[in-house]
Structure formats: structure tokens, C-alpha cells
Amino acid sequence: GIAHEIKNPLTGIAAAITVLKDDFSPEDGRALIIGEVLEQISRLDKTVNDLLFFGKPTVAEPTCTDINSALKKILIFASQHRGGKNIEKKLELTEDLPPVYVDPKQIQQVFLNLFLNAVQAMQSGGVLTVTSSLAHVDGMDMVRVQVNDTGPGIPPQILEKIFTPFFTTKAQGTGLGLAISHRLIEQHGGRLSCVSQDGVGTTFSVELPAYCPSQDELEKAHLRTGIIG
């Protein structure tokens, strides 16, 4: 209830500020101030969304997804973020990977969070490398995606807490981004892990089952849950 009480006014404030921004030319210093206000509103909105999602996760709507295509699109979104333009981005994707059965919006949320964390870790520039491959884990074929940055790394005492809800070392943030990402990947039958080395960088690994149900399997699942059509 509190989250909605905050979210609804924020939407109105953002709309009003956007209208005001249109009255100024890009060269007007006041336009820059309004742009900063809009950015802070967007940050607050994301915080509220994180709290809403953590308190009441949405039901997944999985579909057979080409992970490589998804990664390319998500990286474009991350590149628009402040600071992203100073980062070299490398895509090292294995071709002809099997599809994964995931909710595209939720997976976008996970990887956008990982990409933006990597960008924020490289304040002075660096390299963001995204790789995909097929791995064999515990007798299962898994599509593995690794997100590597060349930032300062994460100290061991912090690394063990990064997936803990509300834990954060940032001046701004709820500490829910990685906790939500971890939960989403687990709900998809996968695993999210991290290794880091001080002064060298950090690598987050996402493993998802290389599986996509057939039409017959989907129809049987619908019948079991009472869903028709």
C-alpha cells in the first residue's frame, strides 16, 4: 500500500515535469536541472518497483527464448545509461545455442541489473564482456551467460553478502537488485553465482536449463492447471 501511495504521485510528477521541460531549449541551463529531476524520479520509481516486486513477485510467463538475441537487445539498453559510453563492450556469444524457457521481461530485468552493476563498477572506464556458451552441469545441459567487468572487484567479506536482501554498499539503492535477480533465476530452474578478485574484476554467471517444451507438453500442462486455449 505504501509503495502504491508513492508510485502514483511520482507518475504525475514525472508527467508534469516532462511538460515543463518542453518549454526550454536544450541550451537552457534550466533544461539540465529538469533533466536531473526526471532522472531522480526515475530512480525513485525503480526503488518502488523493486520493493513491490520483492514483496509480491509477478507470475512468470515463460516462452522459448533465444538468449543471444535477448542479450544483444539488453546490452543496447544498458549502453544508454550514464557512464556506459565510456565502457568498451564485448559480446562473445556461442552460435546455435538451444533456447531457454524463460519469461523475457524477467530475464531482461536480471541481465539489465547485472550490466548496469558492471558499468557502475567501472567509474574510470573498463571492459564489459558478455559471453554465452553451452555447459554440462550435474547431468543437465545448461545455457551459461557470464558478465565480466574489469572494475576493482568485490572484497570477500562483501561478496558473501551480495545476494542478501537490502544489503548494499551504494549511497543510493535498496539492495534488492541482486536479491531479486537471484530469486528470478532460481525460479527458472537456474543458478546465479559470482566470483571476484580485488583489483582484477568481477564475473557473474547465470546458468539456465537448455530446455524448451514441445507443444504437446504445453497443452498437457494447460490441462493439468485447468487452463484452456
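Keep in mind that what you see is a predicted model, and the values were worked out from it rather than measured.

**Digging into the pairing of strand β5 (residues 140-149)**
Regular strands place their side chains on alternate faces of the sheet.
Argument step 1. Sheet analysis places strand β4 (residues 126-137) next to β5, joined by ten bridges and oriented antiparallel. By the bridge assignment for β5, Ser-133 is matched with Arg-144.
Argument step 2. In sequence, β4 turns back onto β5 through a hairpin of two residues, with Asp-138 there showing a positive phi of about 50 degrees.
Argument step 3. Taken together, the eight bridges between β5 and strand β7 (residues 201-209) define a ladder with antiparallel strand orientation. Paired with Gln-146 across the two strands is Ser-205, which belongs to β7.

**Brief notes about the state of the cysteines**
Argument step 1. Taken as a whole and judged by the stated rule, the model has one disulfide.
Argument step 2. Here Cys-64 is linked by a disulfide to Cys-212, with a sulfur-sulfur distance of 1.4 Å. Here the disulfide of Cys-64 and Cys-212 is right-handed, its torsion about the S-S bond being about 65 degrees. Remark: Cys-212 occurs in the loop between β7 and α7 (215-225) and Cys-64 occurs in strand β1 (residues 63-65); sequence separation between them is 148 residues.
Argument step 3. Taking relative accessible area as the criterion, Cys-212 reaches 27% and is therefore assigned partly exposed.

**Notes on the confidence of the model for the protein chain**
Argument step 1. Scored by pLDDT, the protein chain has a mean of 87; 92% of the residues are at 70 or more.
Argument step 2. Scored below 50 in pLDDT, residues 225-229 shows two contacts in the model against residues more than four places distant or in partner chains.

**Quick word on helix α3 (residues 67-79)**
Argument step 1. Its 13 residues give α3 an end-to-end C-alpha distance of 18 Å, which sits within 8% of 18 Å, the value for a rise of 1.5 Å per residue.
Argument step 2. Three or more residues of α3 are buried, namely Ile-67, Asn-68, Ala-70, Leu-71, Ile-74, Leu-75, Ala-78 and Ser-79. Down the axis of α3, the buried set is contained in an arc of 165 degrees. They therefore lie on one face. Pointing more than 90 degrees away from the buried face of α3 are the exposed residues Lys-73 and Ile-76.
Argument step 3. The N-cap residue of α3 is Asp-66: its side-chain oxygen and the backbone nitrogen of Asn-68 are 3.0 Å apart.

The rules behind each value
- Residues numbered from 1 in each chain as written.
- Predicted model: local features only at pLDDT ≥ 70, side-chain atom pairs only at ≥ 80, totals over all residues.
- Heavy atoms only, no water.
- Pairing = 2+ DSSP bridges.
- Helix = DSSP H or I, 4+ residues; strand = E, 2+ residues; numbered from the N terminus.
- Disulfide = S-S within 2.5 Å.
- Buried < 20%, exposed > 50% of the residue type's maximum accessible area, 1.4 Å probe, protein only.
- pLDDT = per-residue confidence, 0-100.
- Contact = heavy atoms within 4.5 Å.
- Expected span 1.5 Å × (residues − 1).
- Arc of directions from axis to C-beta.
- Polar contact = N/O pair within 3.5 Å; in protein donor to acceptor, adjacent residues only side chain to side chain.

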